[in-house]
Amino acid sequence: MRFDLISIFPDYFTPLTLSLMGKAEDAGLVTLAAHDLRQWATGKHRSVDDTPYGGGAGMVMRADVWARALDDALATPLACENAEAATASCRRVLAIPTPSGTPLTQPVVEDLARADQIIVACGRYEGIDARVAQHYRAAGVEVLEFSIGDYVLNGGEVAAMVLTEAVARLLDGFMGNPDSLVEESHSGAGLLEYPVFTKPREFRGLVIPDVLVGGNHAAIERWRRDLAIEKTAAVRPDLALELRAESLGREDRATLAACGVAYPREGSARPVSIRHGEPGDAAQLSALAARTFPEACPPELPRAAIDAFIAAELGPDMFEAMLADSTRHRILVAQIDAHLVGYTLTIVGQGAIPPELVCPGRVEADAAYLSKCYVDAPWRGSGIADVLVEAAARDAAEHGHASLVLGTNRANKKAQAFYKRHGFRRRSTRTFDVGGVLNHDVVMVRDLTRTGNPTLA
Ligand code: SAM
């Protein structure tokens, strides 16, 4: 690839001959050509700028001088050309650094790495006459006006070097170990990189995480991925909302949701907050419960029985009463924008679990009872349920319970697998009558005395 860097200070580009970039040039992987714009200026003073039309501070770089330089650069013969169809197979890009340009991001850089020639026109003063970009665009040249950040530099040289290095390191053969590029920040899913460590193992009292020396490669990979997600969500929430959804696995989504970013199965990611229920939530909770409860019922249950249950147990008045009694009823909600999209209801305190769930020797009578854990259909698989159930487990532990119990329909293997991932183990069964139909549940228990999120174990 050929880089033509045009500036009134071509010496600025000397550092590009150092390090890997210098090696790449020696190896013939890149050609770096720095040009002095003044060689295309005319007159005694070889002036490249003039006062702005319309008045105002500063000077503007002249279009005619730039055009002479750029015409020459664009006419440079390239290795990709063949004699008959001179430019047919070559891609030339005219890159103009400007703080008012589009941000130079990794996807832009990845695209530029497929070009054959990049000409960078480095402005100074108030910038380059706007007709330069206009003219070359109209003439069919690929023009990229780019910015390297939301701040203003004195000239385009630093931006040109940023572009050159970011593009060149993506070229085949540039990096000694091309794997270095794979998990970098802004690559792949679009995450920032996880923290990295080297020797010594302990530095000023700071010891590297055990997982990195445990030899369990899957655990290391998971740990790194979780930390990359957490860092991205904390430092660049804008990026966390723009990840490539198809590259996110179930555990990624759970970690993202725990960091306040929910990816639905379809559509865009949204910020999600998990919080305790408040008195004003009763109406929304009741509507959410009425939406979600029927979907969790076994198919043989008559609709009338389901409706009767909803009317009796899930009305706004019932939620109002439970929200008013937080010593007994613990409600956690997941909120996206102004909408509640998921909730858990846990009964805590003495005699929390229904008598039919108590199974001496298998299910502790003093357990807390996870009565409900529901998420609206569009948000299933987004990790919201994972966060809710973990928050409910923490909350029950904080209320002095050593275990958390739940009953879930025995035919619902998906729910059982979900709870198993969250540390629940099958302990017994229960059978109960709803509208004359016998329902069979498995009873699952989670030991709350063990710390940590079992999904990450
Ligand atoms: N008057 C211009 C404006 O307000 O947008 C700023 C001109 S700046 C002082 C001079 C030159 O520095 C620009 O023409 C451009 O080449 C370069 N430059 C400054 N900030 C830049 C940035 N954030 N990204 C890319 N180039 C920048």
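Look up: the structure comes first, before these words.
Residues numbered from 1 in each chain as written. Predicted model: local features only at pLDDT ≥ 70, side-chain atom pairs only at ≥ 80, totals over all residues. Heavy atoms only, no water.

Asks: Please give an account of the site of the ligand that cites residues and values.
Replies: Lining the immediate surroundings of the ligand are 18 residues, of which P97, E126, G149, Y151 and L153 lie closest. In the environment of the ligand, an oxygen atom lies 3.4 Å from a nitrogen or oxygen atom belonging to the backbone of G155. In the model, an oxygen atom of the ligand is placed 3.3 Å from a nitrogen or oxygen of the G156 main chain. Relative to its unbound accessible surface of 580 Å², the ligand loses 83% to contact with the protein. Sorting elements by how many residues they give to the shell around the ligand places strand β5 (residues 92–103) first, with three residues. Residue composition of the shell around the ligand, by class: nine nonpolar, eight polar and one charged. (Near = heavy atom within 4 Å. Polar contact = N/O pair within 3.5 Å; in protein donor to acceptor, adjacent residues only side chain to side chain. Areas by Shrake-Rupley, 256 points an atom, 1.4 Å probe, with all protein chains shown as cover. Helix = DSSP H or I, 4+ residues; strand = E, 2+ residues; numbered from the N terminus. Nonpolar A, V, L, I, M, F, W, Y, C, P; charged D, E, K, R; others polar.)

Asks: Run through the packing of helix α8 (residues 250–258) against helix α12 (residues 384–398), naming residues and quoting values.
Replies: One way to put it is that α8 packs onto α12 with a least axis distance of 7 Å and a crossing angle of 60°. On the basis of the axis angle, α8 is oblique to α12. Considering only the axes of α8 and α12, their crossing is right-handed. Counting all contacts with α8, which are made through A254, A257 and A258, the residues of α12 involved are I384, D386 and V387. (Axes fitted to C-alpha atoms, helices over the stretch in contact; angles between N-to-C directions. Parallel < 35°, antiparallel > 145°, perpendicular 65-115°, else oblique. Left-handed = near helix turned anticlockwise from the far one by under 90°. Contact = heavy atoms within 4.5 Å.)

Asks: Go over the state of the cysteines, please, and point to the residues and values.
Replies: Counting across every chain of the model gives one disulfide. Across a sulfur-sulfur distance of 1.9 Å, C80 and C90 are joined as a disulfide pair. Measuring the twist about the S-S bond at about 120°, one finds the C80-C90 disulfide to be right-handed. One end of the pair, C80, is in the loop between α2 (63–74) and β5; the other, C90, is in the loop between α2 and β5, with ten residues separating them in the sequence. Classification of C80 by relative accessible area gives partly exposed; the value is 24%. (Disulfide = S-S within 2.5 Å. Buried < 20%, exposed > 50% of the residue type's maximum accessible area, 1.4 Å probe, protein only.)

Asks: Which residues make up the packing of aromatic side chains, and what values go with them?
Replies: Counted under the stated rule, the structure contains six aromatic pairs. Measuring from ring centre to ring centre gives 6.4 Å for F293 and Y374, while their planes differ by 90°; the resulting arrangement is edge-to-face. With F293 in helix α9 (residues 282–296) and Y374 in strand β14 (residues 368–375), the pair connects residues that are 81 residues apart, well separated along the chain. Since its relative accessible area comes to 13%, F293 is described here as buried. Since its relative accessible area comes to 16%, Y374 is described here as buried. Ring centres of Y419 and F424 lie 5.5 Å apart, and the angle between their planes is 75°; this geometry places the pair in the edge-to-face category. Judged by relative accessible area, which is 10%, Y419 ranks as buried. Geometry around F432 places R430 over its ring, the cationic atom sitting 4.7 Å from the centre. (Phe/Tyr/Trp six-rings, centres within 6.5 Å; stacked < 30°, edge-to-face > 60°. Lys NZ or Arg CZ within 6 Å of the ring centre and 35° of its normal.)

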